[in-house]
Amino acid sequence: MILKANRTAWFLPLCLATFCLPTSAAPSFSEVRSAYVESDALLLARDGRPLQSKRIDMTQRRLPWTRIEDVSPALLRALLASEDRKFYEHAGVDWSAVAASAWRNLWNTRTRGASTLSMQLVGLLDQLDDNGDHRHGRRNLPQKLSQAAGALWLEQRWKKDDILEAYLNLAGFRGDLVGVAAMSRGLFGKWPDGLDERESALAAALLRAPGASPQTVALRACGVLHTMAQMKQGAVADCDGLEGLARLALSGGLRDHSAGAGWLGAEQSPGLAPHLAQKLLTRPGERLRSMLDADLQQFAIAALQRQLRGIAKQNAEDGAVLVLDNATGEVLAWVGSSGALSDAPEVDGVTALRQAGSTLKPFLYALAFERRFLTAASLLDDSPLALTTSNGLYVPQNYEPQYRGWVSARMALGGSLNVPAVRTLVRIGPEDFRDRLYAFGFQSLTENGDHYGFSLALGSADVSLLMLANGYRTLANGGMWSPLRVTQGKSLQPCIDGGCSGVFAKASDLPEGSKPAARRVATAASVFIVTDILADRAARVGTFGLESWLATPYWSAVKTGTSKDMRDNWCIGFSSRYTVAVWVGNAAGEAMHDVSGISGAAPVWREVMDYLHRGGSHPTSVAKPPPAGVAPQSIRFEPAGKIDEAPRHEWFIAGTGMNVVRLAESKALAHIAYPGQGTIIALDADMPPERQRIALQLSGSPDPGWQWRIDGQPAGKASSDVLWRPSPGRHELGLLDGQGRELETVRFEVRALKGKRAK
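Since the structure is predicted, the reported quantities are computational estimates derived from the model, not experimental observations. (Residues numbered from 1 in each chain as written. Predicted model: local features only at pLDDT ≥ 70, side-chain atom pairs only at ≥ 80, totals over all residues. Heavy atoms only, no water.)

A. Just the state of the cysteines, in detail. The tally for this structure, following the rule as stated, stands at one disulfide. With a sulfur-sulfur separation of 2.0 Å, cysteine 222 is cross-linked through a disulfide to cysteine 239. Handedness of the cysteine 222-cysteine 239 disulfide follows from its S-S torsion of about 95 degrees: it is right-handed. Taken as a pair, cysteine 222 in helix α10 (residues 214-232) and cysteine 239 in the loop between α10 and α11 (242-250) lie far apart in primary sequence, 17 residues in all. (Disulfide = S-S within 2.5 Å. Helix = DSSP H or I, 4+ residues; strand = E, 2+ residues; numbered from the N terminus.)

B. The confidence of the model for the chain, seen in detail. Per-chain confidence: the chain averages 84 in pLDDT, with 83% of residues scoring 70 or above. Below pLDDT 50 for its whole length, residues 507-511 participates in eight contacts with residues either more than four positions away or in separate chains. (pLDDT = per-residue confidence, 0-100. Contact = heavy atoms within 4.5 Å.)

C. Looking closely at the pattern of salt bridges. Throughout the structure, instances matching the rule amount to 39 salt bridges. Among the salt bridges present, the one from aspartate 295 reaches arginine 49, with a minimum N-O distance of 3.2 Å. Highlighted residues: aspartate 295 in helix α14 (residues 294-310) and arginine 49 in the loop between β1 (40-44) and β2 (50-55), separated in sequence by 246 residues. Judged by its relative accessible area of 36%, arginine 49 is partly exposed. Note that arginine 410 is salt-bridged to glutamate 650, the shortest N-O span being 2.6 Å. Linking arginine 410 in helix α16 (residues 409-414) with glutamate 650 in strand β20 (residues 648-653), this pair joins segments that are 240 residues apart in sequence. Pair check on accessibility: arginine 410 and glutamate 650 agree, each one buried. Linked through salt bridges whose partners overlap, the residues forming this network are Arg410, Asp532, Asp536, Glu645, Arg648 and Glu650. (Salt bridge = Lys/Arg side-chain N within 4 Å of Asp/Glu carboxyl O. Buried < 20%, exposed > 50% of the residue type's maximum accessible area, 1.4 Å probe, protein only.)

D. Quick peek at helix α3 (residues 73-83). Among the eleven residues in α3, nine count as buried, and that is most of the element. Taken residue by residue, α3 has Ala74, Leu75, Leu76, Ala78, Leu79, Leu80, Ala81, Ser82 and Glu83 as its buried positions. Next to the buried residues of α3 lie α5 (117-127), α7 (160-170), α8 (180-188), α9 (197-208) and α10. Near the N-terminus of α3, the side chain that reaches the backbone nitrogen of alanine 74, with its oxygen 3.1 Å away, is that of serine 72. (Polar contact = N/O pair within 3.5 Å; in protein donor to acceptor, adjacent residues only side chain to side chain.)

E. Representation of unusual backbone geometry in the model. Going from glutamate 638 to proline 639, the amide bond is cis rather than trans, its omega being -5 degrees. With respect to the element layout, proline 639 can be found in the loop between β19 (630-638) and β20. Phi at asparagine 315 takes a positive value of approximately 60 degrees, unusual for a residue other than glycine. Structurally, asparagine 315 is set in the loop between α14 and β6 (318-325). In this structure, serine 416 is a non-glycine residue whose phi angle is positive, near 55 degrees. Position of serine 416 relative to the elements: it lies in the loop between α16 and α17 (418-428).

F. Geometry of the sheet that holds strand β27 (residues 722-724). Spatially, three strands are ordered β22-β24-β27 in an open sheet, and the strand pairing comes out antiparallel. Where the open sheet ends on each side, the last strands, each with one partner, are β22 (671-674) and β27. Going from strand to strand, the sheet's axes swing by 45 degrees on average, the running direction of each strand aside. Relative to strand β24 (residues 694-699), β22 runs antiparallel, the two sharing three bridges. Bridge pairing in β24 places tyrosine 674 opposite glutamine 697. (Pairing = 2+ DSSP bridges. Axes fitted to C-alpha atoms, helices over the stretch in contact; angles between N-to-C directions.)

G. Examining the packing of aromatic side chains more closely. Counted according to the given criterion, the structure contains twelve aromatic pairs. When the centroid spacing of 4.8 Å and the interplanar angle of 65 degrees are considered together, the rings of phenylalanine 363 and phenylalanine 440 count as edge-to-face. Taken together, the residues span a long stretch of sequence, with phenylalanine 363 in helix α15 (residues 361-370) and phenylalanine 440 in the loop between α18 (430-439) and α19 (449-452) at a distance of 77 residues. Here phenylalanine 363 falls in the buried class, since its relative accessible area comes to 0%. Each residue in the set Phe29, Tyr36, Trp65 and Trp158 is aromatic and connected to the rest through ring pairs, giving one cluster. The cationic tip of arginine 185 hangs over the ring face of tryptophan 191; the distance from NZ or CZ to the ring centre is 5.1 Å. (Phe/Tyr/Trp six-rings, centres within 6.5 Å; stacked < 30°, edge-to-face > 60°. Lys NZ or Arg CZ within 6 Å of the ring centre and 35° of its normal.)

H. Examining helix α21 (residues 524-534) more closely. Of all eleven residues making up α21, nine are buried, and the element is well covered by its neighbours. Within α21, burial applies to Ala525, Ser526, Val527, Phe528, Ile529, Val530, Thr531, Ile533 and Leu534.

See below:
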């Protein structure tokens, strides 16, 4: 028997030296390290600081490669004590261990094998398939011999510390934890350099049996501690409480569960941009540098959470913040939710579609100014209004119950009055306004204008904070729209839902190194006047007062909005350099209690805007000069008793200026009251057709020269009573001014019903 064991001992070296040499050269240490791919991807700030990690590879958890200098000496000692005590003495194969193993195998004794760390590393390298994943399965004798030969080859070309480092990064410890970093973070909530002797012994014990029970792992770890004590010569192993520590570690109880810490820890993955990381990161090991400012991102999160804590009793728990650079379109901050304060933190409030409220009014007035239907001095009637639509009467209400009578367009927009906005939309038409919003990037508006109706003036359509932010950035840029950028290099379309549609340029659409093309979507003159109104404290004093969250000490233009039943509120505005957009509400759509745009979103907007314009390198915001075709003019309103607006300087588009605005000369924007858009009229079959008439009605007093037109034919003066004889079919009713220009058009239908006379 002894002879047979000795024969095995001298046969193995001969085999390794002749027949069992590796068939191909093993990779170098640098090649192994370069080929290592983490399971997580990382989103970086514009300066390279980490913002957020995202796990991509769900089969294995591999964290960043760990240098041997960053591994606890206790873990290195535990590893050698458990796996290869003579690691620094042998040349890849421990021949004495091979002989002893062969002898024990001869007598079927169950004990440790003779594989050195070098041999195990060769096995790990051999197990990696083309995707970097481990193949599993027991090895036969030829494979073990080849592994030993590979270890001899490896030791001749690699440093000992490189072998240890590679082994620690490639070895599987438990479940999907591969590598010392994933093991240390996943089991003990710390990085490998912080492991003590007891934790190191548990980790080393897992290498032999990754799926063992806590009791078995603790028992083996105790053996490792005794071996380590022997290697220290005189040290005493402490195994008390080791099983409890094993149970806690293996159950995840020691993992860092603090907010934002994640697997990489708060320093390497502070958890600042989870929603953007979810959209952008796609490849394991990816390091994607975004345009986000890490400090600004962190400040915006804190400002949002601080405000939401203050109004939590008013049933407000969610919010979102977006900050854009006006000139470049770079996204500087993307806060998708309130995080731990929210019951649905995974919902991205930046891209979620919600009712816009009054935030769409500036685009409406810009269109009215552009078409010269209005000037900033035009008088609008703020009084009760009822409009006949295909769905019945539409009766818009102001946010506050009182009405102000005749007000200028400047005061109507600045004070966010609802009824004047609806009267303006009646003049422009829902279809044209919908088309203008679509051009501004609101591509969630996929239906025609009639679908939204006159309530579109008050923001009944669903849009995203992202769309609103870029729409207001377009106002800041004088009506020039361009897509946004979230990463360095090409523009990128990161979104997979309707909330991002039309906002970002697709990288595939852009030549390398080129900038996304800008396009003009509104005239510079009309946008300038709207912007001037949004920056005018006096224009909003009637609703918001002189001092409010909107009154910044530097130039800014801003608008708030509140949707139906206070389910959403917004504050969106811009300075000369930045656009800041804020939404406050509830992800589930629940109504808030007495929270409007000025009390909910505006405080966050102001905090972030102030942060952007603090001292140092951040410039003071100033208004842009007026574009060509816009000029100031002194005006006054008459009669003073009916128009409560003081004389002022007003901006006018060339050709629309005036010195005196008289109520008698102003057009009240009378509109077609009946039949309304989409009305269906049923003829009475029991009445003679010649006795049936439809009265054409206006809501307001028309100019003397206004005319009716039905199906292209004159139908009488709008200033007198007109009774039109209906006929079955679809009809078009138009209102024309004295020069024959169409002011408004509605379409309606007349149907003939059967009655007694038809029987």
